[in-house]
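A look at the structure
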Amino acid sequence: RKASATESSDDDDDEEADESVLRERESNRRQKRMRKAFGNILRSKGYMWIAGRDRYVGEWSQSGAVGEISCGGYWYATADKEEWPEPGTEPYEMLMADFDGEELCDRRQEIVFIGQKLDRAAITATLDACQVKRGELPRKPGSGEASGSEEHGW
């Protein structure tokens, strides 16, 4: 028996529905594991320094089950001093408040979590485990010697 175009289309719809159900189930399983480990994280956002991408601010945004990392611009540590705010101004003072010495400058991890019954210790320990430790990179930040790859656009 030859399948009609309608039957073929119905089969495609069934496969797409099956894939959608599987994706939703996997998402629900992940969310359940996250809630068990960290509490109910509703939203998180912030900035991060990603190893091997010393020039660029990693910008994190998450709402529910959807998270995104994008380029948030450049760290001032990599910008020419002419691009910095004028010394003595409020923007300059705000910038200097974020500086952490000559090596790190304004590069940092700064993420805010909003949720219910959050386990701060578990979240902090998990994020700390992700950070590059002193000695793990074979160079100083911004030295021009790539420890990772910046060929992905940012």
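Provided above is the structure to which this section pertains.
Please read these numbers as outputs of a predicted model, since none were measured by experiment.

1. Things to note about the overall build of the protein
- Within the protein, the regular secondary structure consists of four helices and four strands.
- Listing each helix as α and each strand as β along the protein from the N terminus yields α-β-β-β-α-α-β-α.
- Counting over 154 residues, the protein shows a buried share of 18%.
- Contacts spanning at least 24 positions in sequence make up 53% of the contacts within the protein whose residues lie at least 6 apart.

2. Focus on a negative patch on the surface
- Taken together, the side chains of Asp-12, Asp-13, Asp-14, Glu-15, Glu-16 and Asp-18 define an acidic patch exposed on the protein surface.
- Tracing the backbone through its elements, the reader meets Asp-13 in helix H1 (residues 5-38).
- Judged by relative accessible area, which is 44%, Asp-13 ranks as partly exposed.

3. Remarks on the side chain of Ser-44
- One can find Ser-44 in strand E1 (residues 40-49).
- By relative accessible area, which is 2% here, Ser-44 ends up buried.
- There is a polar contact of 2.7 Å between the side chain of Ser-44 and the side chain of Gln-62.
- With sequence-adjacent residues up to four places away left out, Ser-44 is seen in contact with Trp-60, Ser-61, Gln-62, Ile-111, Val-112 and Phe-113.

4. Focus: the packing of aromatic side chains
- All told, the structure shown has three aromatic pairs when counted by the stated rule.
- With a centroid separation of 5.1 Å and an interplanar angle of 35°, the aromatic rings of Tyr-56 and Tyr-74 are classed as tilted. Taken as a pair, Tyr-56 in strand E2 (residues 56-63) and Tyr-74 in strand E3 (residues 66-74) lie far apart in primary sequence, 18 residues in all.
- In textbook terms, an aromatic cluster arises when at least three aromatic residues are bridged by ring pairs, as seen for Tyr-76, Trp-84 and Phe-99.
- Here the basic side chain of Arg-107 rests over the ring of Trp-49, its NZ or CZ set 5.4 Å away from the ring centre.

5. What to know about the environment of Ser-44
- Counting along the chain gives 67 residues from Ser-44 to Ile-111, while the straight-line C-alpha distance between them is 6.8 Å.
- A polar contact is formed between the side chain of Ser-44 and the side chain of Trp-60, at a distance of 2.7 Å.

About the criteria used
Residues numbered from 1 in each chain as written. Predicted model: local features only at pLDDT ≥ 70, side-chain atom pairs only at ≥ 80, totals over all residues. Heavy atoms only, no water. Helix = DSSP H or I, 4+ residues; strand = E, 2+ residues; numbered from the N terminus. Buried < 20%, exposed > 50% of the residue type's maximum accessible area, 1.4 Å probe, protein only. Contact = heavy atoms within 4.5 Å. Patch = residues over 30% accessible without salt bridge, like charges linked within 9 Å, V, L, I, M, F, W, Y side chains within 5 Å. Areas by Shrake-Rupley, 256 points an atom, 1.4 Å probe, with all protein chains shown as cover. Salt bridge = Lys/Arg side-chain N within 4 Å of Asp/Glu carboxyl O. Lys, Arg positive; Asp, Glu negative; His and termini not counted. Charge placed at Lys NZ, Arg CZ, Asp CG, Glu CD. Polar contact = N/O pair within 3.5 Å; in protein donor to acceptor, adjacent residues only side chain to side chain. Phe/Tyr/Trp six-rings, centres within 6.5 Å; stacked < 30°, edge-to-face > 60°. Lys NZ or Arg CZ within 6 Å of the ring centre and 35° of its normal.

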